[in-house]
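# Examining the three-dimensional arrangement
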Amino acid sequence: MKKTYIFLALVAFALSSCNDKWADHFFGASKGEEQLNITTTEFFNTHTEYSAFYSMMKKTGLDKELAKNQQLTIWVVTNDSMAKSGITDNDTLRMQYHMNYLPFVMSDLKSGLRILSLNGIYFQIGASGNDLYANSSKITKSYRLTNGVVHEISALMKSKVNMYDYLRGLGNDYSIIRDSIFKYNTQVFDKVNSIPIGVDKTGNTVYDSIFYVSNPLFATVPFNSEFSQFTAFLPSNAVIDSCLSSLNAQYLKMGKVIAKSDTILAINWIKQAMFYNGTLTDFSATDIKSAFSMVWRTTVQQLDTQNPVALSNGLLYNVTKIKIPNNVIITRIKSLVQYWQYQDAVYPDPADLYTFKGMVGTPSVFVDSATPDPAVLPNYITLNITGDPTSTSEFSMEFPPLETYKDANGATKAQVMQVPTGEYYLYMGFHSSGHPYVDIYFNEVLIASALNISLSTPWNFDRVTETSLDLNPVSGIAKWDGLGGLVGVVNVTGDGLASFKIKVKFNMLLAAGGSKSLRVYHWALKPTANNY
């Protein structure tokens, strides 16, 4: 029996010890805190320096929270600070922002801690030196009470806005991006949380209905949620207009006009490049990848990083300059080598544009019997030159990119094309049957050597790599208008727009004997990931 009593005494002692530790956590004062053996209601009744704050709690009905069997943390201000706050009598949401469930004692307050207030919006604890802050309000005193904690702060906090609400409430200076995001909002019936209240004449259940907002962007960035943090880069209409104007100027220099589809593509890229997971404060990296895997290049795009907008679920930076990357707006640049025959009158001598070495006779335009698309391109047409099989001199053709246009008389003409500078994949196509091996140069730099062009895949015309059938598998049309065979990576150098030259050279070492001809069909450039 004595052993039993000893055992029970030990258990009682252990439980008492645990309770003491539990009490110590909630009621033992931490450094910088004053411990008072009173309730929160008794605290406000005896600390008149907070009477204005307590009076506002009563006006908004929040004093009732103090009487409940629960632990609270209350973030109070003095009467002087309350007078300077500009709060109105009915601002319940702002007062709720200064109360939260659970006791957050001083030892709990770490820089970066996000605390959910009674109005459903988070505020954040920060630190500067030895001082702690709730948002930007300095914590000046702390009291640990029997049913909670009271922290005195230097100024009444303003409830931060949720990112969704901030973007939704943007003015017309931001209407382009605002409307492009929220036009896809839909109201979804929340059956789980809706309350059945009866049955209609047809036997269908009638609900006290609750709806929630859905948006396709939420699947990747639920920026309406308070449970995650995001960063947004926000462009105004003026910034977007400037971006599109620059894009249009670039198109005009290339002899093109920006289309509606280009504008839609640009806006969609901006929309997917503006959202990021987490809060971004470090912009030292060259490339930052958005939540949608779009690349934001800090050396090209420009943000006002000195004035971030603090939101309840993240940060927002205003964009001061934006550029649609080349590899987004340009899918391919392609031209046919046979455009040589349409050279503009300003180039009376083909040698001004095309250089032929080791050629016997003159260049010829060959019309193949193959029919890619009767409505668009009835036949494949190549530019052919023939060389002397016995000669050991260089046999090659070199040409710039040409584009066609119609002159005042409706005649087809060709002129030298300029393209945006940067890095590209170079693709080409030939009439491959029996074609000799070749070397390919780009602006006099060797890109690929000893290419076996006689292989129909991938070199025969443009029948491989992103062809019309590849891009539209159910169309049933022939495989044509592809990129062709990959030659290698090239660089168009310069500032803004520039031209270039491609040289196709007969490979002497791998000559098959007999046939010595070059039959070139097309070239194509596709921007690499580096072509921003």
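Residues numbered from 1 in each chain as written. Predicted model: local features only at pLDDT ≥ 70, side-chain atom pairs only at ≥ 80, totals over all residues. Heavy atoms only, no water.

## Description of the overall build of the protein chain
When helices and strands are tallied, the protein chain shows 12 helices and 32 strands. Relative to the 2.2 N^0.38 estimate, which gives 24 Å for 532 residues, the radius of gyration of the protein chain is 36 Å and therefore markedly larger than a compact globule would have. In terms of overall dimensions, the protein chain has C-alpha extents of about 115 × 65 × 60 Å along its principal axes. Out of the 532 residues in the protein chain, the part that is buried amounts to 45%. Here the analysis covers contacts within the protein chain between residues at least 6 apart in sequence; of these, 67% occur between residues at least 24 apart. For the protein chain, the accessible surface area stands at approximately 26,700 Å², while carbon and sulfur atoms represent 53% of it. Put simply, the protein chain has 43 plus and 44 minus side-chain charges, and the middle of one group is 3 Å from the middle of the other. (Helix = DSSP H or I, 4+ residues; strand = E, 2+ residues; numbered from the N terminus. Rg over C-alpha atoms; globule rule 2.2 N^0.38 Å. Buried < 20%, exposed > 50% of the residue type's maximum accessible area, 1.4 Å probe, protein only. Contact = heavy atoms within 4.5 Å. Areas by Shrake-Rupley, 256 points an atom, 1.4 Å probe, with all protein chains shown as cover. Lys, Arg positive; Asp, Glu negative; His and termini not counted. Charge placed at Lys NZ, Arg CZ, Asp CG, Glu CD.)

## Describing helix α3 (residues 51–59)
Those residues of α3 that fall on the buried side of the exposure criterion are Phe53, Tyr54, Met56 and Met57. Looking down the long axis of α3, one finds its buried residues gathered within 160 degrees of arc, a one-sided arrangement. Here the buried face of α3 lies against α2 (40–46), β2 (72–76), α4 (79–84), α5 (92–96) and β3 (99–101). Positive backbone phi, approximately 80 degrees, marks Gly61, located one or two places after α3. (Arc of directions from axis to C-beta.)

## A few points about the nonpolar core
Core analysis: the biggest nonpolar cluster contains 95 residues, and Phe223, Phe275, Met428 and Trp523 have the highest contact counts within it. A total of six residues in this core trace back to one element, the largest contributor, which is helix α8 (residues 237–253). For Phe223, the contacting residues outside a window of four places in its chain are Asn162, Met163, Tyr164, Leu167, Ile181, Phe182, Leu217, Phe218, Phe230, Phe275 and Asn313. Residues Leu36, Phe43, Val150 and Met157 belong to the second largest nonpolar core, which totals 37 residues. (Core = buried A, V, L, I, M, F, W, Y, C linked by side-chain atoms within 4.5 Å.)

## As for the confidence of the model for the protein chain
The predicted model of the protein chain averages 89 in pLDDT, with 90% of residues at 70 or higher. Under a pLDDT of 50 for its full length, residues 1–28 has, in the predicted model, 18 contacts with residues more than four places off or in other chains. (pLDDT = per-residue confidence, 0-100.)

## Quick notes on the sheet that holds strand β28 (residues 438–442)
Pairing is antiparallel across the open sheet formed by five strands, whose spatial order is β21-β24-β31-β28-β29. Each edge of the open sheet is held by one strand with a lone partner, namely β21 (355–357) and β29 (445–451). Each strand axis lies, on average, 10 degrees off the axis of its neighbour in the sheet, ignoring direction. Pairing analysis gives four bridges linking β28 to β29, with the strands arranged antiparallel. Bridging across to β29, Tyr441 finds its partner in Leu446. (Pairing = 2+ DSSP bridges. Axes fitted to C-alpha atoms, helices over the stretch in contact; angles between N-to-C directions.)

## Some details on the packing of helix α7 (residues 175–182) against helix α9 (residues 260–273)
Two numbers describe how α7 lies on α9: the axes approach to 11 Å, and their chain directions differ by 80 degrees. The pairing of α7 with α9 is recorded here as roughly perpendicular in orientation. Of α9, the residues touching α7 (which contributes Ile176, Ile177, Ser180 and Ile181) are Ile267, Ile270 and Lys271. (Parallel < 35°, antiparallel > 145°, perpendicular 65-115°, else oblique.)

## A word on the packing of aromatic side chains
This model, assessed by the stated rule, comprises 28 aromatic pairs. An angle of 75 degrees between the planes, with centres 5.4 Å apart, marks the rings of Phe218 and Phe223 as edge-to-face. Of the residues examined, Phe218 reaches a relative accessible area of 14% and is grouped as buried. In this structure, Arg168 is placed above the aromatic ring of Phe182, and the distance from its NZ or CZ to the ring centre is 5.1 Å. The ring of Tyr441 has Lys503 sitting right over it, with the charged end atom 4.9 Å from the ring centre. (Phe/Tyr/Trp six-rings, centres within 6.5 Å; stacked < 30°, edge-to-face > 60°. Lys NZ or Arg CZ within 6 Å of the ring centre and 35° of its normal.)

## Considerations on the pairing of strand β32 (residues 517–527)
The buried fraction of β32 amounts to 10 of the 11 residues, a majority that puts the element mostly inside the structure. The sheet contact formed by strand β20 (residues 333–336) and β32 spans four bridges and is antiparallel. In the sheet register, Ser335 faces β32, and the bridge partner there is Trp523. When strand β27 (residues 419–430) meets β32, the two strands line up antiparallel, connected through seven bridges. By the bridge assignment for β32, Tyr424 is matched with Pro527.

## Examining the pattern of salt bridges
On inspection of all chains with the given rule, the structure shows 11 salt bridges. As a salt-bridge pair, Arg297 and Asp287 come within 2.8 Å of each other at their nearest N and O atoms. Remark: Asp287 occurs in strand β15 (residues 287–289) and Arg297 occurs in strand β16 (residues 295–297); sequence separation between them is 10 residues. With a closest N to O distance of 2.9 Å, Lys334 and Asp481 form a salt bridge. (Salt bridge = Lys/Arg side-chain N within 4 Å of Asp/Glu carboxyl O.)

## A short note on the packing of α8 against α9
Between α8 and α9, the shortest axis-to-axis distance is 11 Å and the interhelical angle comes to 135 degrees. Judged by the inter-axis angle, α8 sits oblique to α9. As for how α8 packs across α9, the hand of that crossing is right-handed. Note on element contacts: α9 touches α8 through Asp262, Thr263, Ala266, Ile267 and Ile270, opposite Ile240, Leu244 and Tyr251. Here the contact of α8 with α9 is composed, by residue class, of six nonpolar, one polar and one charged. (Left-handed = near helix turned anticlockwise from the far one by under 90°. Nonpolar A, V, L, I, M, F, W, Y, C, P; charged D, E, K, R; others polar.)

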